[in-house]
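Examining the three-dimensional arrangement
The chain contents come next:
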Amino acid sequence: MPRIRRRPRNKGWQSTFSGPVGLALIAPFLAVAVVFIGYPFVELLRTAFGEPNGLGNVGDFFDSPAARKTLWTTCFTSLIVTVIVVVVGAVLAWSLRTTRSRLVRMVIAMAVFMPLWMGAVMKIYAFTVLFERFGVVNRTLTWLGVIDEPMQLLRTQFAVVAGMTYQMLPYAVLPMYAVYVTIDLNLIQASESMGASRIRALRDVVAPLALPGLLASTVIVYVICIGYYLTPVLLGGATAPFTASLIADDIFNLFDPAQAAVASVLLLVVAGLVILIGWRLVGKERMRRALG
Amino acid sequence: MSSQRTHASGGGRQRPARLAALMVGALALAVASTAAACGSDSDSGSGSGGGSKSLVVAGWGGSFTAANKEFFYDQFEKDTGIKVTVATPGGGFAAKVAAQRAGNNIEWDLLEAPGGDTSKLVLDGNLEKFPASLVQQITPLVADGAIRPGPSEPYYLDHGGTVNLIGCNTKLIKKCPTNPREFFDVKNFPGTRGITANNPIFTSLFALAGDGVQPQQYFPVDVDRAMNALKRIKPNVQVWSTSPAQMQQAVVDGEVGIMQAPNTVLISAMKEVPQLKLFWDGGLLFDEGWCVPKGAKNKEAAFAFVKWYAEHRELQAKFTEKIYSGTGGRDMQKYLSPEVVKNLPINKTGVTLVDGKSGAKQQLELGKRLREVLVG
């Protein structure tokens, strides 16, 4: 009788890949990352720290009061938007998670989805119509007798914050909803049955479970916000630009690629720092789970 | 976990999961539509490449480009079969072309460029010289001196000529400023103001005029004096427009009552704001022209357009009648009514033709300093 050869165990199907197979599978992604992320990043650094003054280009950037103020405006406005978006987003996502009313669910879902489906220019133009001197808001307030003369709403930081908040809301609600779905709502009932008030149940039971999601949303929203370009240009005007506008101005109006590259690197540094802080606060594993 | 969800949704166990799936779907749709939008952008860019059946024109936007499209681009497309695509980068042509050349990817074939930019483009060597045969063909058709900056340097053909002047909405303003000095006098001439800030040379010269500098002393620009004048008026300026369309919207919406803007913008806005009055005293005229960026993918099509334009003086006349902007054609008074000729910017009293070449030399410095004033 011929001997039946048993296949060695390690040649059978395995749920995990060996190192070379895994490497081969991710090779296309690595190639794309090197070409579209790695190479441009190296070029960006070369431009930022190249001509005319090498590392001194960074000093040149901070020598300009306009550049300093713009960086500050970018970081501070983004912070305000992030706080508003995360607070409102947390409430909306929680309502979406817990409501039993189909109507409420539908209304919230539409409010969240609509900004995603509309083009950026359309959204910004809608705010222009609302905020212009004789726009909807000013006319309504004048008609109600709240103001005598139209207020300057357009080309203000308020307009920028409002426009960005509206656009960023989905980016907070969606990840937070994904986290809320994993929270056992019976826990609230359980804690209430043990004497906790609803607020205490939310604070001591729900909040710790939702915290990674909240922080992850905060990081996502902030990092996206600091790169905003169109909204500050169109709703904020020429006197309160974001750093992205400065970069465009350096490249397309002043043709100063070194300063544009320095500003880009600084934005990357800010984004990296924010991600790092979020990572440290929440912990690697929880952050990964929160980000899905 | 499942029991928890049942509790939450009042018996509908899968609702949150369904909703989550829907949300993921919505997000994916948004990402996909964004990607599609980006894709369509790149498609339009690639359309400019290849043979000479395509022509990409970069224009100012607003009424000037709209009139160019109405009288020239559409008809040129019909006559020649060359598809014209219009991009509206909104000024800063010289730096944008320089950036495109540095990136080795010239996106535009023809520019509707203002004088400051054309001079800078010539200075930086970023324009294609008109071929000798083209110069020979169009010389009898265009006015003397319309091929610029000079006979030995045929780099652009005069077309347009925009004046930045003062406009005033008499519905909103009781006492209108009639010249730059009065524009900068916010005490005696109160009202919301708008200043065009997409060309640092224009803005700086306007500030100098507002501070009492005579036109013959504009160059070299006294940068400190110009910027100090702008700093003083800044609290009274609601809109610093970075594109013609932006100023037009601000005028029509009544956001500004007193403005310094291109004549094309103001004349176009007058259709919706008939109370708008124009004051030409202290107006700054920049010649404009058709020019071809060095390395343009469809430069043959661009030169074909320049020739076609020179041959169509009747269309040039219609263009002028529409937006009161001059053209490069020879003997245009034969095609225009005396009333229109009288009202052309070049014939208005108090208008100064700006020396684009001198302006171009200080453009970078003025641009940086203007930004400090606006943002600082």
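Residues numbered from 1 in each chain as written. Chains lettered and ligands numbered in written order. Predicted model: local features only at pLDDT ≥ 70, side-chain atom pairs only at ≥ 80, totals over all residues. Heavy atoms only, no water.

Comments concerning the overall build of chain B
- Helix and strand content of chain B: 15 helices and 12 strands.
- Burial statistics for chain B: of 376 residues in total, 56% are counted as buried.
- Within the structure as shown, chain B displays about 15200 Å² of accessible surface, and the carbon and sulfur contribution to it stands at 52%. (Helix = DSSP H or I, 4+ residues; strand = E, 2+ residues; numbered from the N terminus. Buried < 20%, exposed > 50% of the residue type's maximum accessible area, 1.4 Å probe, protein only. Areas by Shrake-Rupley, 256 points an atom, 1.4 Å probe, with all protein chains shown as cover.)

A look at the interface of chain A and chain B
- At the junction of the two partners, chain A supplies 45 residues and chain B supplies 43 residues.
- Contact between chain A and chain B buries roughly 4100 Å² in total, counting both sides, with carbon and sulfur atoms accounting for 61%.
- For R155 of chain A, the salt bridge goes to E255 of chain B, with nearest N and O atoms at 2.5 Å.
- Across the contact surface, chain A and chain B share eight residue pairs in polar contact (both at pLDDT 80 or more).
- Secondary-structure elements contributing two or more residues to the side of chain A that touches chain B are helix 3 (65–98), helix 4 (102–117), helix 5 (120–131), helix 7 (157–180), helix 8 (186–193) and helix 11 (243–252) of chain A.
- Tallying contributions element by element places helix 3 of chain A first for the side of chain A that touches chain B, with seven residues. (Contact = heavy atoms within 4.5 Å. Buried area = accessible area lost by both parts, 1.4 Å probe. Salt bridge = Lys/Arg side-chain N within 4 Å of Asp/Glu carboxyl O. Polar contact = N/O pair within 3.5 Å; in protein donor to acceptor, adjacent residues only side chain to side chain.)

Examining the side chain of D287 of chain B
Residue and element names in this part refer to chain B.
- Here D287 is to be found in the loop between strand 10 (276–286) and strand 11 (288–291).
- Within the local environment of D287, its side chain forms a polar contact with the side chain of R148, the two groups lying 2.6 Å apart.
- Engagement of the side chain of D287 in a polar contact is seen with the side chain of Y156, the distance being 3.2 Å.
- Those residues in contact with D287, other than ones at most four positions away along the chain, are P114, G115, R148, Y156, D158, G161 and L353.

A few points about a nonpolar patch on the surface
Residue and element names in this part refer to chain A.
- Among the surface-exposed residues, F17, V21, L23, L25, I26, F29 and L30 lie close enough to one another that they form a single nonpolar patch of about 720 Å² accessible area.
- As for its placement among the helices and strands, I26 is situated in helix 1 (residues 19–48).
- Given the relative accessible area of 43%, I26 is considered partly exposed. (Patch = residues over 30% accessible without salt bridge, like charges linked within 9 Å, V, L, I, M, F, W, Y side chains within 5 Å.)

Comments concerning the pattern of salt bridges
- Counting across every chain of the model gives 20 salt bridges over all chains.
- One salt bridge connects D256 of chain A with K368 of chain B, and the closest N-O pair in it is separated by 2.4 Å. One end of the pair, D256 of chain A, is in the loop between helix 11 and helix 12 (257–282); the other, K368 of chain B, is in helix 15 (residues 356–375), on a second chain.
- Relative accessible area serves as the criterion here: at 16%, D256 of chain A is assigned to the buried category.
- Among the salt bridges present, the one from D124 of chain B reaches K120 of chain B, with a minimum N-O distance of 3.1 Å.

Considering the pairing of strand 2 (residues 83–87) of chain B
Residue and element names in this part refer to chain B.
- Here five bridges tie strand 1 (residues 54–58) to strand 2, and the two strands are oriented parallel to one another. Its bridge partner lying in strand 2, V56 is registered against T85.
- For the crossover that starts at strand 1, traverses helix 3 (residues 62–80) and ends in the parallel strand 2, the hand is right-handed. (Pairing = 2+ DSSP bridges. Right-handed = clockwise from strand over helix to strand, strands pointing away.)

Comments concerning the state of the cysteines
- All told, the structure shown has one disulfide over all chains when counted by the stated rule.
- A sulfur-sulfur separation of 2.0 Å characterises the disulfide bridge that pairs C168 of chain B with C176 of chain B. Negative torsions about the S-S bond denote left-handed disulfides, and the value of about -70° found for C168 of chain B with C176 of chain B makes this one left-handed. The pair formed by C168 of chain B and C176 of chain B is uniform in burial state, with each residue classed as buried.
- With no disulfide of its own, C75 of chain A lies closest to C225 of chain A among cysteine sulfurs, the gap being 11 Å. (Disulfide = S-S within 2.5 Å.)

Section: unusual backbone geometry
- Cis geometry marks the peptide bond from E51 of chain A to P52 of chain A, where omega comes out at 5°.
- Within the secondary structure, P52 of chain A sits in the loop between helix 1 and helix 2 (56–63).
- Following R148 of chain B, the chain continues into P149 of chain B via a peptide bond in cis, with omega recorded as 0°.
- Locating P149 of chain B in the fold gives a position in strand 4 (residues 147–150).
- For R155 of chain A, which is not glycine, the phi torsion reads 60° and is therefore positive.
- Here R155 of chain A is to be found in the loop between helix 6 (136–144) and helix 7.

Re the environment of N68 of chain B
Residue and element names in this part refer to chain B.
- Here N68 lies in helix 3.
- Beyond its immediate sequence surroundings of up to four residues, N68 is in contact with Y73, E112, H159, W290 and F319.
- Here the side chain of N68 touches H159 through a polar contact of 2.8 Å, side chain to side chain.

Structural notes on the packing of aromatic side chains
Residues and elements named next belong to chain B.
- Scanning the model with the defined rule gives 24 aromatic pairs over all chains in all.
- Look at F64 and F319: their rings are 5.8 Å apart centre to centre, the planes differ by 75°, and that puts the pair in the edge-to-face class. Taken together, the positions of F64 in helix 3 and F319 in helix 13 (residues 313–323) put the pair 255 residues apart, joining distant regions of the chain.
- With a centroid separation of 5.9 Å and 80° between ring planes, the pair formed by F130 and F303 is classed as edge-to-face. Remark: F303 occurs in helix 12 (residues 299–311) and F130 occurs in the loop between helix 5 (115–123) and helix 6 (132–138); sequence separation between them is 173 residues.
- One aromatic cluster is present, formed by F64, F72, Y73, F76, W290, F305, W308, Y309 and F319 through successive ring pairs. (Phe/Tyr/Trp six-rings, centres within 6.5 Å; stacked < 30°, edge-to-face > 60°.)

Thoughts on empty space enclosed by the protein
- Scanning the entire structure with this criterion turns up two cavities of 30 Å³ or more.
- Roughly 160 Å³ of volume is contained in the largest cavity.
- Together, 20 residues line the largest cavity, and W60, T162, P244, P262 and T264 of chain B are the ones closest to its centre.
- Taken together, the elements giving at least two residues each to the lining of the largest cavity come down to helix 3, strand 6 (162–169), helix 10 (244–252) and helix 11 (263–270) of chain B.
- Broken down by element, the lining of the largest cavity gets its largest block of residues, three residues, from helix 3 of chain B.
- Taken together, the residues of the lining of the largest cavity sort by class into nine nonpolar, 10 polar and one charged.
- Considering only enclosed or pocket space, the second largest cavity measures out at about 40 Å³ in volume.
- What lines the second largest cavity is simply F131, E132, R133, N138, M151, Q152, L153 and L154 of chain A together with E255 of chain B.
- For the lining of the second largest cavity, the class distribution of residues is four nonpolar, two polar and three charged. (1 Å grid on protein atoms, 1.4 Å probe; cavity = no way out; pocket = protein on both sides within 12 Å on 5 of 7 lines; lining within 4 Å. Points joined across faces, edges and corners; volume = space filled by probe spheres on them. Nonpolar A, V, L, I, M, F, W, Y, C, P; charged D, E, K, R; others polar.)

Describing the UniProt feature "transmembrane region" (unreviewed entry) in chain A
All names here are of chain A.
- Residues given the UniProt feature "transmembrane region" (unreviewed entry) here are residues 21–42, 71–94, 106–131, 168–188, 209–230 and 260–282.
- In residues 209–230, helix accounts for 82% and strand for 0%; the two terminal C-alpha atoms are 36 Å from one another.
- Helix makes up 100% of residues 260–282 and strand 0%, with an end-to-end C-alpha separation of 33 Å. (UniProt positions renumbered as here; feature names shortened; annotations may be inferred.)

A short note on the sheet that holds strand 1 of chain B
All names here are of chain B.
- Strand order in the open sheet made by the six strands is 2-1-3-11-5-4, with mixed pairing throughout. In this open sheet, the two edge strands, each paired with only one partner strand, are strand 2 and strand 4. Going across the sheet, the axis of each strand differs from the next one's by a mean of 35°, ignoring polarity.
- Alignment of strand 5 (residues 153–158) against strand 11, held across three bridges, turns out to be antiparallel. In the sheet register, L157 faces strand 11, and the bridge partner there is W290.
- The strands touched by helix 3 within the sheet are strand 1, strand 2, strand 3 (110–114) and strand 11, with strand 2 carrying the most contacts at an inclination of about 165°.
- Where helix 12 meets the sheet, its contacts fall on strand 1, strand 3, strand 5 and strand 11, and the angle it forms with strand 1 comes to roughly 75°. (Axes fitted to C-alpha atoms, helices over the stretch in contact; angles between N-to-C directions.)

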